[in-house]
Structures are given as structure tokens and as C-alpha cells.
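Each chain is listed here by its residues.
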Amino acid sequence: MRLVCLSGDVLTALSEGNLAAASSAAGLAFTGHFATESAIWLWRYRLDQLTADPQAAPWLVHAVVAEPENVVVGHAGFHGPPDHVGMVEIGYSVVPAHRRQGYARAILSELLRRADAEPAVRIVRATISPDNAASLATIAGHGFTEVGEQQDPRDGLEIIFERPANG
């Protein structure tokens with residue numbers, strides 16, 4: 001599995017729901033999972049972040065590509081670069097057809113490796129709906145501790161988990 005940083009051109013095409021243009025720009029084949037209403041919202045949001053701070057690109061969104069098949073099985077990244085206290089929040093999604101095959105755990109491991117390697121990162125956060133049993137199971141055993149909850153305007157109630165970075 002490898003993570004491929006999504007450029008502004010790719011995010012623009014995805015934010016317009018243009019899978020053909022996004023696929024051409026990235027050299028990858030994006031499926032309908034990347035053109036849902038919630039995905040398009042995410043692409044627009046990340047594109048706005050990238051436009052405001054081009055240096056944030058390595059922290060934002062990446063396509064998750066299974067190898068050697070070169071198949072896009074999801075997307076992953078952080079909500080942004082480390083904040084003023086050194087916190088980063090992870091985010092990822094696995095294409096439904098590729099779920100329950102170990103990709104979520106592999107993605108989580110790669111995101112944690114990336115965060116742990118960055119000296120500016122002190123805390124890694126994950127926010128998960130209490131109803132999302134799969135994501136709750138995915139983070140188990142990775143050193144996360146429940147530290148509270150929040151009401152996300154888009155996603156509703158979320159449990160906040162954090163772990164110290166090992167960097």
C-alpha cells in the first residue's frame with residue numbers, strides 16, 4: 001500500500017465530481033466512492049485548505065493505493081499540519097468494496113508512522129462516532145485513550161481519542 005498526495009488539480013476535479021479528469025491528473029482510477037456528496041464536500045474543504053496554505057499539502061489528503069494492483073482503495077491524511085500544541089487529527093476512508101481486508105489498519109499504521117516521524121507532532125487525535133464499531137475497533141491497540149466528546153456540526157456526536165506521538 002502507498003499513499004499518493006492529491007494535487008490541487010486532482011482536488012479541483014474531484015470537487016467537481018469529475019472522476020475522469022481526476023483520474024487522468026493523478027494517474028489513478030477513482031471510483032464513485034470519490035464522487036459522493038460527502039466526498040465532494042471533503043475535496044472542496046481540502047482544496048480550500050491547500051489554496052490557503054500550499055505548504056500543508058503533505059499533511060492533507062492522499063489516495064490510498066493497493067500494490068501491486070495499483071487500485072485506489074481509499075483516502076487518508078490529516079485534518080491539517082500540526083497545530084500550536086503539536087496536535088494532528090487523522091482521517092481516512094476505505095472504499096466499501098475493499099473494507100474488511102485490513103486496509104483501515106494499514107492506513108492507520110502509516111498515518112501514525114508519519115506523525116511519529118515528525119518532531120513537531122506531540123499528539124495524534126482521532127474522532128469517531130460512537131456508532132462506528134469498525135473505526136473504534138481499528139484504533140484499538142494503537143495507544144489511543146478516550147479524552148472526551150464533541151458535537152461536530154457535520155458528523156454529529158464524536159468521541160475524541162488521543163495518543164502521544166512517539167517522534
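Structure's up top.
As the structure is a computational prediction, the values presented were derived from the model and not from experiment.

How each quantity is defined
- Residues numbered from 1 in each chain as written.
- Predicted model: local features only at pLDDT ≥ 70, side-chain atom pairs only at ≥ 80, totals over all residues.
- Heavy atoms only, no water.
- Buried < 20%, exposed > 50% of the residue type's maximum accessible area, 1.4 Å probe, protein only.
- Helix = DSSP H or I, 4+ residues; strand = E, 2+ residues; numbered from the N terminus.
- Pairing = 2+ DSSP bridges.
- Salt bridge = Lys/Arg side-chain N within 4 Å of Asp/Glu carboxyl O.
- Right-handed = clockwise from strand over helix to strand, strands pointing away.
- Axes fitted to C-alpha atoms, helices over the stretch in contact; angles between N-to-C directions.
- Contact = heavy atoms within 4.5 Å.
- Phe/Tyr/Trp six-rings, centres within 6.5 Å; stacked < 30°, edge-to-face > 60°.
- Lys NZ or Arg CZ within 6 Å of the ring centre and 35° of its normal.

Visitor: I tried to follow the pairing of strand 7 (residues 156-164) on my own but got confused; where do I start?
Guide: As a general feature of sheets, a regular strand has side chains that alternate between the two faces. In terms of residue burial, strand 7 counts as a mostly covered element, since 7 of its 9 residues are buried. For strand 5 (residues 123-128) and strand 7, the ladder comprises 6 bridges, and the chain directions are antiparallel. Bridge assignment links Ala-126 to a residue of strand 7, and that residue is Phe-161. Where strand 6 (residues 145-152) meets strand 7, 7 bridges bridge the pair, whose relative direction is antiparallel.

Visitor: How should the pattern of salt bridges be read in this particular structure?
Guide: When the charged atoms of two side chains lie near each other, side chains of opposite charge can form a pair. This model, assessed by the stated rule, comprises 5 salt bridges. Close ionic contact of Glu-67 with Arg-2 constitutes a salt bridge, the shortest N to O distance being 2.7 Å. With Glu-67 in the loop between strand 2 (61-66) and strand 3 (71-78) and Arg-2 in strand 1 (residues 2-5), the pair connects residues that are 65 residues apart, well separated along the chain. With relative accessibility at 31%, the residue Arg-2 sits in the partly exposed group. Ionic pairing is found between Arg-125 and Glu-162, a salt bridge with its closest N-O pair at 2.4 Å. Within this pair, whereas Arg-125 is found in strand 5, its partner Glu-162 is found in strand 7, the two being separated by 37 residues in sequence. When sorted by exposure, Arg-125 lands in the same class as Glu-162, which is buried.

Visitor: Where do I start with unusual backbone geometry in this structure?
Guide: Excluding glycine, residues mostly carry a negative phi; peptide bonds, for their part, are mostly trans. Cis geometry is found at the peptide bond from Glu-67 to Pro-68, where omega equals 10°. Secondary-structure assignment places Pro-68 in the loop between strand 2 and strand 3. Phi at Asn-70 is positive, roughly 60°, even though this residue is not glycine. Mapped onto the secondary structure, Asn-70 falls in the loop between strand 2 and strand 3. Exposure remark for Asn-70: the relative accessible area of 36% places this residue in the partly exposed category.

Visitor: Explain the pairing of strand 5 to me, please; I cannot follow it from the model alone.
Guide: Strand 5 sits mainly inside the fold: 5 of its 6 residues count as buried. Across 3 bridges, the pairing between strand 4 (residues 87-94) and strand 5 is parallel. Its bridge partner being in strand 5, Glu-89 is matched across the sheet by Arg-125. This β-α-β element, strand 4 to helix 4 (residues 103-117) to strand 5, shows right-handed connectivity.

Visitor: How should I be thinking about the sheet that holds strand 5 in this particular structure?
Guide: The strands that make up a sheet pair up through hydrogen bonds in the backbone, lying either parallel or antiparallel. Here 7 strands make up an open sheet; going across it, the order is 1-2-3-4-5-7-6 and the pairing mixed. One side of each edge strand has no neighbouring strand; the edge strands of this open sheet are strand 1 and strand 6. Taking the axes of each pair of neighbouring strands and ignoring which way they run, one obtains an average angle of 30° across the sheet. Lying over the sheet, helix 4 contacts strand 1, strand 2, strand 3, strand 4, strand 5 and strand 7, oriented at roughly 155° with respect to strand 4.

Visitor: Is there a simple way to explain the packing of aromatic side chains in this structure?
Guide: Aromatic ring pairs are reported here in terms of the distance separating the ring centres and the angle at which the planes meet. If you walk through the whole model with that rule in mind, you get 4 aromatic pairs. Centre to centre, the rings of Phe-34 and Trp-43 are 5.9 Å apart; their planes meet at 10°, and the pair counts as stacked. For the residue pair Phe-34 and Trp-43, the accessibility class agrees, reading buried in each case. Three or more aromatic residues joined by ring pairs form one cluster here, namely Phe-30, Phe-34 and Trp-43. Lying across the ring of Trp-59, Arg-114 places its NZ or CZ 3.8 Å from the centre.

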